[in-house]
Amino acid sequence: RSFSYRTLRRLYHEQVAARGVPRLAVDSLQQARTQERARAEDREREGLNFMRTGLDTILEFLSARRMPMTLTAYPWPQEADASSEQLELGGRFERVWRQWGQSRAVPLFDLFPAFAAQVQRMGQQASRARLYFPLDIHWSADGNQLAADTWIEQWCSVRRVITPRACAGMSL
């Protein structure tokens, strides 16, 4: 005989009540989980604010010297394990940096769709094994080549410094 989660939860709470275990213990656990989630969100928000401040400082430094700035968003191996549809949408930090860049006229080069295409073509495990070193966050030679080709393509379309014909011949 099998039970649904709701049925098991109800039975559990009935047993807790029958044994005289205070409901407070169950509520305290749920409250602790909620508080931990809130603390994690606060740490993430603080980290993002710290990074925004750092990027603003770099942008100010470059702007004073009339040097352009670009950002590049790319998936970490854990993100590459997502489905190709989720990966193509980018990570949640990709959206943060896209907004930051748009508000400051800094182009963002997005490598998520290129990596998503590899996941789609090869599957999650095969693409991760091919694009990243095992048990590491760094790209393999194939991962570096994919990133470089994608970056150059996007750079050429945004900067228009090099003629499209010259860009077509660029490769790393």
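Residues numbered from 1 in each chain as written. Predicted model: local features only at pLDDT ≥ 70, side-chain atom pairs only at ≥ 80, totals over all residues. Heavy atoms only, no water.

S.K.: Describe the overall build of the protein, with residues and values.
M.R.: Secondary structure assignment for the protein yields 9 helices and 2 strands. Secondary structure elements of the protein, listed N to C terminal, follow the sequence α-α-β-α-α-α-β-α-α-α-α. Contacts spanning at least 24 positions in sequence make up 62% of the contacts within the protein whose residues lie at least 6 apart. Surface accessibility of the protein: about 12,400 Å² in total, with carbon and sulfur atoms responsible for 56%. (Helix = DSSP H or I, 4+ residues; strand = E, 2+ residues; numbered from the N terminus. Contact = heavy atoms within 4.5 Å. Areas by Shrake-Rupley, 256 points an atom, 1.4 Å probe, with all protein chains shown as cover.)

S.K.: Which residues make up the packing of aromatic side chains, and what are the values?
M.R.: Here the structure, examined in full by the defined rule, presents 5 aromatic pairs. Note on Phe-109 and Trp-151: the rings are 5.1 Å apart at their centroids and 85° apart in plane angle, and the pair reads as edge-to-face. In this pair, Phe-109 is assigned in strand S2 (residues 108–110) and Trp-151 in helix H8 (residues 141–159), connecting sequence segments 42 residues apart. A network of ring pairs unites the aromatic residues Tyr-74, Phe-115, Tyr-132 and Trp-139 as a single cluster. Above the face of the Phe-61 ring, Arg-65 is positioned so that its terminal group lies 3.6 Å from the ring centre. (Phe/Tyr/Trp six-rings, centres within 6.5 Å; stacked < 30°, edge-to-face > 60°. Lys NZ or Arg CZ within 6 Å of the ring centre and 35° of its normal.)

S.K.: Describe the confidence of the model for the protein, with residues and values.
M.R.: In this model, the protein carries a mean pLDDT of 79, and residues with pLDDT of at least 70 account for 70%. When pLDDT is averaged over each helix and strand of the protein, the minimum, 56, is found for helix H4 (residues 84–89) and the maximum, 89, for H8. (pLDDT = per-residue confidence, 0-100.)

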